Protein chains: 2
Amino acid sequence: MTDLFPHAQALTADMRSMVRAELTRVIDQSAAHDAETLREMLAYQMGWEGEGSSARAEGKKIRPLLVTLTADASEGSWRQSVPAAAAVELVHNFSLIHDDIEDQSETRRGRPTVWKKWGVAPAVNAGDAMFSLASLALLGLREHHSADTVLEASQRFHQTCLRLTQGQHLDLAFESLAKTPLESYWQMVGGKTAALLSCSTELGALCAGAGPDRKTAYQQFGHYLGLAYQAQDDILGIWGEQEKLGKSTAGDLVSGKLTLPVIFGLTQDQEFRSRWRSGQIEAGDVPDLARRLEDIGSRAYAQSVSDRLTDLALTRLESAQPSGDSGEALHALARTLLNRQV
Amino acid sequence: MTDLFPHAQALTADMRSMVRAELTRVIDQSAAHDAETLREMLAYQMGWEGEGSSARAEGKKIRPLLVTLTADASEGSWRQSVPAAAAVELVHNFSLIHDDIEDQSETRRGRPTVWKKWGVAPAVNAGDAMFSLASLALLGLREHHSADTVLEASQRFHQTCLRLTQGQHLDLAFESLAKTPLESYWQMVGGKTAALLSCSTELGALCAGAGPDRKTAYQQFGHYLGLAYQAQDDILGIWGEQEKLGKSTAGDLVSGKLTLPVIFGLTQDQEFRSRWRSGQIEAGDVPDLARRLEDIGSRAYAQSVSDRLTDLALTRLESAQPSGDSGEALHALARTLLNRQV
């Protein structure tokens, strides 16, 4: 990720290192009262310890960087936003521990998931511990901020956590939803992907003491960034590997996931709808199905939606008037997230 | 429970009704963004809705009552402690949803558990939603309290949540712990049972603006109440039904739970230790094992521990100088919890 920020490499390295120190301090608290193995589980999830710990296992750490870059680009002290950066990264990892249980995913970032390694029961509990630590991390803002600012951050933060669970609930129940799939799709993505990104940018602006307009602009930047990212991810889930590897792996079609191109296909094409509803899609069916979706305009539709959302994200970022190297870095981060190779 | 409080029946009814209204208001928030079935799951867990909803299904609601009674007995406005009362009840129910998954318990308060009814994945997520709502509920204190008071309450509350997960972690890993079982036993009970009770009384005192000594006394009252309750519960788990029903059902011996009488037996009696370690205890073995434990003094030991902890709880309550009908009610509540029929 460091290559992304030609003007801000030293700065983003500093940010990452301060956030990491704060995360270590917070997670170490979980070892108290004879619960050292609980701390080990959390440090494993963070990619720091255990078999396969590595930079890759640590994940991209986009959310904490959004907090500190936004604080700096709002002309605040990014160092004073570090507790919020730690909090969003902890919530992200808490939700990954539980999502992996809920989706029965056996690997994450190239390693066995926490439940696969320690069992479902300890993993559910370890997620809860990570969630508790996230709330405690956020309260660390009090060192440099007024009590009212910390409460505003807490309110926003816990609303976001609720929103995450609403998005996940929709995802788990998606097939049986009464509303039109497209409406539910945006509610789901708004919760699962966009909520924590928009919380990250908003907390950064809040910690910097940004005015209401600027704070809203940053919040919306994060929101549209999340929506655009998900639309792009949906396209990659069907056509990403096809062009890179010369063949379609197309996991999203096999897993039956209701993504944006699939929803378009279901509403626009009788043939695709019949095929989709006739039962389990096998890997062998995927190239044909992917071609059918492309022929009826699904891919172009999803790309145009993603482009429009990307424009909205970048417009909101512009209107927030981000300053300095961090402003540049926010632009670079958004462009990289949204223009991934398809 | 209402018979418990001869002098405070109208008052406790008022408290229960205000807490219930606040809980309803908070839980209703979960239905937003198309997540109405998420709200249904939470209302089911609270015992309000769905098949089998009833007073019994709602549970005893000890914790919210400890908050409001302590606030009133500290000469504060108990009404201003209602958001904290709602928060502790929500955390309690969140932990029950997840504990039932972790222990694979199929019934709770006479009804199928949430995971049994909706499946593990939606239940893990519903627990997370309840946890988020608990944090949001607590922030409702801001309406009547200073920002610093709300932050103090939040800090205490989220530390308690972490402590709950540490206790649960020990419970899940209990058999393989390196430390002496007795030491780990108290760490576990301190987390699983005592932490939320002591948080409840402390939050009540905090909301009433009690001074540091009184706040500490109430906090310790809740702590010892929790420890004494657990010791008593351990005794009931082996000998409770035996005397009431004329036979031993003794679920705790069959499930292999490391309770206080069992730990005494393991450390004091070679014969019991061999039998315990030889494998699964069957229901038919229970009367003999229970008698052996009684013969070697296990029951008397656990009872003496429980009595000592009860004394400590009541002494701390005395030193908090609880006033009025709520003070009487706190005494009555403690006596009832601790002197259950053995």
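In this numbering scheme, every chain counts its residues from 1 along its sequence in written order. Chains and ligands are labelled sequentially in the order written, the chains with letters from A and the ligands with numbers from 1. In view of the model being predicted, local features appear only for residues whose pLDDT reaches at least 70, and side-chain atom pairs are presented and counted only at 80 or more, with totals across whole chains, interfaces and linings using the full set of residues.

## As for the overall build of chain A
Numbering goes from the N terminus for both helices and strands, where a helix is a DSSP run of H or I of at least four residues and a strand is a run of E of at least two. Within chain A, the secondary structure is distributed over 15 helices and two strands. The C-alpha radius of gyration of chain A comes to 20 Å, within 12% of the 20 Å expected for a compact globule of 342 residues. Viewed in the frame of its principal axes, chain A has a C-alpha envelope of about 60 × 50 × 40 Å. For chain A, restricting intrachain contacts to residue pairs at least 6 apart in sequence, the fraction spanning at least 24 positions comes to 71%. Our radius of gyration is a C-alpha quantity, and the globule rule it is checked against amounts to 2.2 Å times the number of residues to the power 0.38. We call two residues in contact when the distance between their C-beta atoms, placed using the backbone, is within 7 Å.

## Section: the packing of helix H3 (residues 62-73) of chain A against helix H15 (residues 324-338) of chain A
All names here are of chain A. Running from N to C, H3 and H15 cross one another at 140°; their axes reach a closest spacing of 7 Å. Looking at the two axes, H3 sits oblique to H15. At the point where H3 passes H15, the crossing takes the left-handed sense. Along its contact with H3, which presents Leu65, Leu69, Thr70, Asp72 and Ala73, the element H15 presents Gly324, Ser326, Gly327, Ala329, Leu330 and Leu333. Here the nonpolar group is Ala, Val, Leu, Ile, Met, Phe, Trp, Tyr, Cys and Pro; Asp, Glu, Lys and Arg are the charged ones; every other residue, Gly included, is treated as polar. Here the residues of the contact of H3 with H15 are counted per class, giving six nonpolar, four polar and one charged. The axes are straight lines fitted to the C-alpha atoms, using for helices just the contacting stretch, and the angles between their N-to-C directions are given from 0 to 180°. Any angle that falls under 35 degrees is termed roughly parallel, while one over 145 is termed roughly antiparallel, one within 65 to 115 roughly perpendicular, and all others oblique. Take the far helix as your reference; a near helix turned counterclockwise from it by less than a right angle gives a left-handed crossing, and one turned clockwise gives a right-handed crossing.

## Focus on the interface of chain A and chain B
Opposite the 48 residues of chain A that make contact, chain B presents 47 residues. The leading source of residues in the side of chain A that touches chain B is helix H7 (residues 147-173) of chain A, at 18 residues. Split by residue class, the side of chain A that touches chain B holds 21 nonpolar, 20 polar and seven charged.

## Structural notes on the environment of B:Ala210
Residue and element names in this part refer to chain B. Tracing the chain through its elements places Ala210 in the loop between helix H8 (181-207) and helix H9 (212-245). Each C-alpha atom, one on Ala210 and one on Ala71, is 8.5 Å from the other, the two residues being 139 residues apart in sequence. Look past the residues within four positions of Ala210 in its chain and what remains in contact with it is Ser74, Ala205 and Lys215.

## Here we look at the packing of helix H1 (residues 9-28) of chain A against helix H4 (residues 82-102) of chain A
All names here are of chain A. For the pair H1 and H4, the least separation of the axes is 9 Å and the interaxial angle reads 65°. When the interaxial angle is binned, H1 and H4 end up roughly perpendicular. Classified by chirality, the crossing of H4 by H1 is right-handed. The segment H1 lies against H4, with Met18, Val19, Glu22, Leu23 and Val26 engaging Val82, Pro83, Ala85, Ala86, Glu89 and Leu90. Across the contact of H1 with H4, the residue classes tally to nine nonpolar, no polar and two charged.

## A look at the relation of the copies chain A and chain B
Two chain copies, one operation linking them: a rotation about an axis together with a shift along it. Each copy is superposed on the other by least squares, with the fit set by C-alpha atoms of residues at a pLDDT of at least 70 in both. Relative to chain B, chain A is turned by 180° and slid 0.0 Å along the rotation axis, the superposed coordinates differing by an RMSD of 0.0 Å. Here the symmetry operator amounts to a two-fold rotation axis. The C-alpha atom lying nearest the rotation axis in chain A is that of A:Ala147; the distance is 2.7 Å.

## A short note on helix H1 (residues 9-28) of chain B
Every α-helical turn comprises 3.6 residues, leaving residues that sit three or four positions apart pointing alike. Residue and element names in this part refer to chain B. Compared with an ideal rise of 1.5 Å per residue, which puts 20 residues at 28 Å, H1 spans 28 Å between its outermost C-alpha atoms and is within 8% of the ideal. Counting other C-beta atoms within 10 Å of a residue's C-beta gives its exposure: the residue is buried at 20 or more, exposed at 12 or fewer, and partly exposed in between, where C-beta atoms are placed from the backbone. Listing the buried residues of H1 in full gives Thr12, Met15, Val19, Glu22, Leu23, Val26 and Ile27. Each buried residue of H1 lies within a common arc of 130° when the element is viewed along its axis, so the set occupies one face. Residues of H1 that are exposed and angled more than 90 degrees away from the buried face: Ala10, Ala13, Ser17, Ala21 and Arg25. Contacts made by the buried residues of H1 are with helix H2 (36-45), helix H3 (62-73), helix H4 (82-102), helix H6 (120-139) and helix H15 (324-338). Helix span, expected: 1.5 Å multiplied by one less than the number of residues in the helix. In this description, one arc is meant: the one made by directions from the helix axis to the C-beta atoms.

## Regarding the confidence of the model for chain A
On a scale of 0 to 100, pLDDT captures the predictor's confidence in every residue. Of the residues in chain A, 93% have a pLDDT of 70 or more, and the chain-wide mean is 92. In the predicted assembly, ipTM is 0.94 and pTM is 0.95.

## Some thoughts on H3(A)
Residue and element names in this part refer to chain A. Look at H3: 16 Å from first C-alpha to last across twelve residues, which is about the 16 Å you get at 1.5 Å a residue. When you tally the buried positions in H3, you get eleven out of twelve residues, the bulk of the element. Within H3, burial applies to Arg63, Pro64, Leu65, Leu66, Val67, Thr68, Leu69, Thr70, Ala71, Asp72 and Ala73. Where H3 terminates, the next one or two residues include Glu75, which has phi positive at roughly 60°.

## Quick word on the environment of B:Thr12
Along the chain, the position of B:Thr12 falls in helix H1. Along the backbone, B:Thr12 and B:Ala208 are 196 residues apart, and their C-alpha atoms lie at a distance of 17 Å.

## Focus: the environment of B:Ser95
Along the chain, B:Ser95 falls in helix H4. Along the backbone, B:Ser95 and B:Gln168 are 73 residues apart, and their C-alpha atoms lie at a distance of 9.4 Å.

## Topic: unusual backbone geometry
A positive phi is found at A:Gln104, a non-glycine position, where the angle reads about 55°. As for its position among the elements, A:Gln104 is in the loop between H4 and strand S1 (107-108). Look at B:Asp34: it is not a glycine, yet its phi comes out positive at around 65°. Structurally, B:Asp34 can be placed in the loop between H1 and H2.

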